[in-house]
Amino acid sequence: MRSIQRSLSLRIWHAARDIALAWGRIFYLAAMVWVLLLSPSTYRWQSLRPILQRMYKDTASILLGFTILAALICLVITRIVVVTAISYGLSRYALEMVIRVLVLELIPLTAALFVAMRCTIPNATELALIRQSGEWGARQSRGEALMRLEVLPRVISGLYACVTLAALSCVVALVTAYIGVYGFTLAGLPGYTRMFGHVFNPSVTLVFVLKTWLSSWAVAIIPVATGLYAHRTHRQMRPGEELSGLARMFAVLLMIELASLMGNYY
């Protein structure tokens, strides 16, 4: 019995230690990124060029596909909400419900998950492979600033892609919602702008901006930190470590979403 209790306590201790270590590395990487962003040497062309190249590469490759996906999602949800509201005699609230569901809640979260799956998780895998192959240590021994040349471009590109897709998809959602309700006419534009101003009051706008910004940082930092600082046994990542990183990212996104809901509706 004592051996079972000792084994259980040891497992709990190791699990708590691994969780604390993982979160500590995430915060360390975030602090390192901020230090590099505030450093003037980062904005010299030699250091700025890989950042700009990575930003263009990651964002341009997913821009068209996500725009089409966002337009289809917005059309379907707009139609569902409008038809449901009309059937219950709530047609005057249909458009406001669409804007709240799409722009405030669904679009930023969808953009963050899309960027994570298409950009930041593959970038984290690239970093893990670089460390696993020994290239990281060889280049570091030659004096290369790998945090500035390899890590910072991937983090900034994930942040930039997430914010860009969120802003673009919000515009697509607004246009799609208007067309879905009013059609191809400008007759409903005055009422639509008044409703939009009513929904996006200063407090809601602040919550929306903070939600998008924090979600972008979570998507940009957590997968990269998982790939960069992952434990390795026999030159391989420990089983389940990638899934642990994804679980931490999803947990942070869920907490941000819950906090935004409380800020908007409580």
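Residues numbered from 1 in each chain as written. Predicted model: local features only at pLDDT ≥ 70, side-chain atom pairs only at ≥ 80, totals over all residues. Heavy atoms only, no water.

**Quick notes on a nonpolar patch on the surface**
Definition in use: Here, patches come from residues exposed beyond 30% relative accessible area and free of salt bridges, joined within 9 Å for like charges and within 5 Å for nonpolar side chains (Val, Leu, Ile, Met, Phe, Trp, Tyr). Working definition of accessibility: Shrake-Rupley area with a 1.4 Å probe, residue cover restricted to the visible protein chains. Salt bridges are defined by distance alone: a side-chain nitrogen of Lys or Arg within 4 Å of a carboxyl oxygen of Asp or Glu. Working definition: helices are DSSP H or I runs of at least four residues, strands are E runs of at least two. Numbering for both runs from the N terminus.
Together, Trp34, Leu38, Val163, Leu206, Leu210, Trp213 and Leu214 make up an exposed nonpolar region whose accessible area comes to about 700 Å². Per-element tally for the nonpolar patch: the top contributor is helix 7 (residues 202-228), with 4 residues. Within the element layout of this structure, tryptophan 34 appears in helix 1 (residues 2-37).

**Comments concerning the packing of aromatic side chains**
The condition that has to hold: For Phe, Tyr and Trp, where Trp contributes only its six-membered ring, two rings pair if their centres lie within 6.5 Å, and the inter-plane angle classes them as stacked under 30 degrees, edge-to-face over 60, or tilted in between. Exposure categories follow from relative accessible area, calculated using a 1.4 Å probe and restricted to protein chains: below 20% of the type maximum is buried, above 50% is exposed, and the middle band is partly exposed.
This structure, assessed with the given rule, holds 8 aromatic pairs. Geometrically, the ring pair formed by tyrosine 178 and tyrosine 182 is tilted, given 5.0 Å between the ring centres and 35° between the ring planes. One end of the pair, tyrosine 178, and the other, tyrosine 182, are both in helix 5 (residues 146-182), 4 residues apart, so they sit about a helical turn from each other. In this structure tyrosine 178 comes out as buried when scored by relative accessible area, which is 9%. Seen from their ring centres, tyrosine 178 and tyrosine 192 are 5.1 Å apart, and the 70° between their planes marks the pair as edge-to-face. Linking tyrosine 178 in helix 5 with tyrosine 192 in helix 6 (residues 189-199), this pair joins segments that are 14 residues apart in sequence.

**Points about the state of the cysteines**
Two cysteines whose sulfur atoms are joined by a covalent bond form what is called a disulfide. Under the convention used in this document: Two cysteine sulfur atoms form a disulfide, by the criterion used here, when they sit within 2.5 Å.
Counted under the stated rule, the structure contains 0 disulfides. With no disulfide of its own, cysteine 170 has cysteine 74 as its nearest cysteine by sulfur position, at a separation of 8.8 Å.

**Section: the packing of helix 5 against helix 7**
The line we're drawing: Helix axes use the C-alpha atoms of the stretch in contact, all axes being lines fitted to C-alpha atoms, and the angles between their N-to-C directions lie in the range 0 to 180 degrees. The sense of a crossing depends on the near helix, which, turned anticlockwise from the far helix by less than a right angle, makes the crossing left-handed and, turned clockwise, makes it right-handed. When checking whether two residues touch, look at their non-hydrogen atoms; a contact exists if any pair is within 4.5 Å. For this classification, the nonpolar set comprises Ala, Val, Leu, Ile, Met, Phe, Trp, Tyr, Cys and Pro, the charged set comprises Asp, Glu, Lys and Arg, and every other residue, Gly included, is treated as polar.
Put simply, helix 5 and helix 7 touch, their axes get as near as 9 Å, and they point 145° apart. Judged by the sense of rotation from one axis to the other, the crossing of helix 5 with helix 7 is right-handed. Contacts from Met147, Val151, Val155, Gly158, Leu159, Cys162, Val163, Ala166 and Cys170 of helix 5 reach helix 7 at Phe208, Thr212, Trp213, Ser216, Trp217, Ala220, Ile221, Val224 and Leu228. A class-by-class count of the residues in the contact of helix 5 with helix 7 yields 15 nonpolar, 3 polar and no charged.

**Remarks on the environment of cysteine 119**
For cysteine 119, the location among the structural elements is in helix 3 (residues 94-133). Here cysteine 119 falls in the buried class, since its relative accessible area comes to 1%. Here the alpha-carbon distance between cysteine 119 and cysteine 162, two residues 43 residues apart in the chain, equals 9.5 Å. Other than its neighbours up to four places away in sequence, cysteine 119 contacts Asp58 and Ile62.

**Quick word on the nonpolar core**
Nonpolar side chains tend to gather and get buried jointly when the protein is soluble and globular. What counts, and what does not: To define a nonpolar core, start from buried Ala, Val, Leu, Ile, Met, Phe, Trp, Tyr and Cys residues and group those joined through side-chain atoms within 4.5 Å.
Residues Leu29, Val33, Val115, Val151, Val155 and Ile221 are the most contacted members of the largest nonpolar core, which totals 44 residues. Where this core is concerned, the elements lending two or more residues are helix 1, helix 2 (45-87), helix 3, helix 5, helix 7 and helix 8 (241-265). Broken down by element, this core gets its largest block of residues, 11 residues, from helix 5. Those residues within four positions of valine 151 in sequence are excluded, and the remaining contacts are Leu29, Leu127, Trp136, Leu146, Val224 and Leu228. In this structure, Cys74, Ile77, Ala85 and Ala94 belong to the second largest nonpolar core, which totals 24 residues.

**Considering the pattern of salt bridges**
Under the criterion given, the structure shown has 10 salt bridges. Across the pair glutamate 144 and arginine 139 runs a salt bridge, and its minimum N-O distance is 2.9 Å. One salt bridge in this structure joins arginine 154 and glutamate 150, with 2.7 Å as the shortest N-O distance. One end of the pair, arginine 154, and the other, glutamate 150, are both in helix 5, 4 residues apart, so they sit about a helical turn from each other. Each of the two residues, arginine 154 as well as glutamate 150, counts as buried. Taken together, the salt bridges that share partners define one network made up of Arg54, Glu126, Glu135, Arg139, Arg142, Glu144, Glu150 and Arg154.

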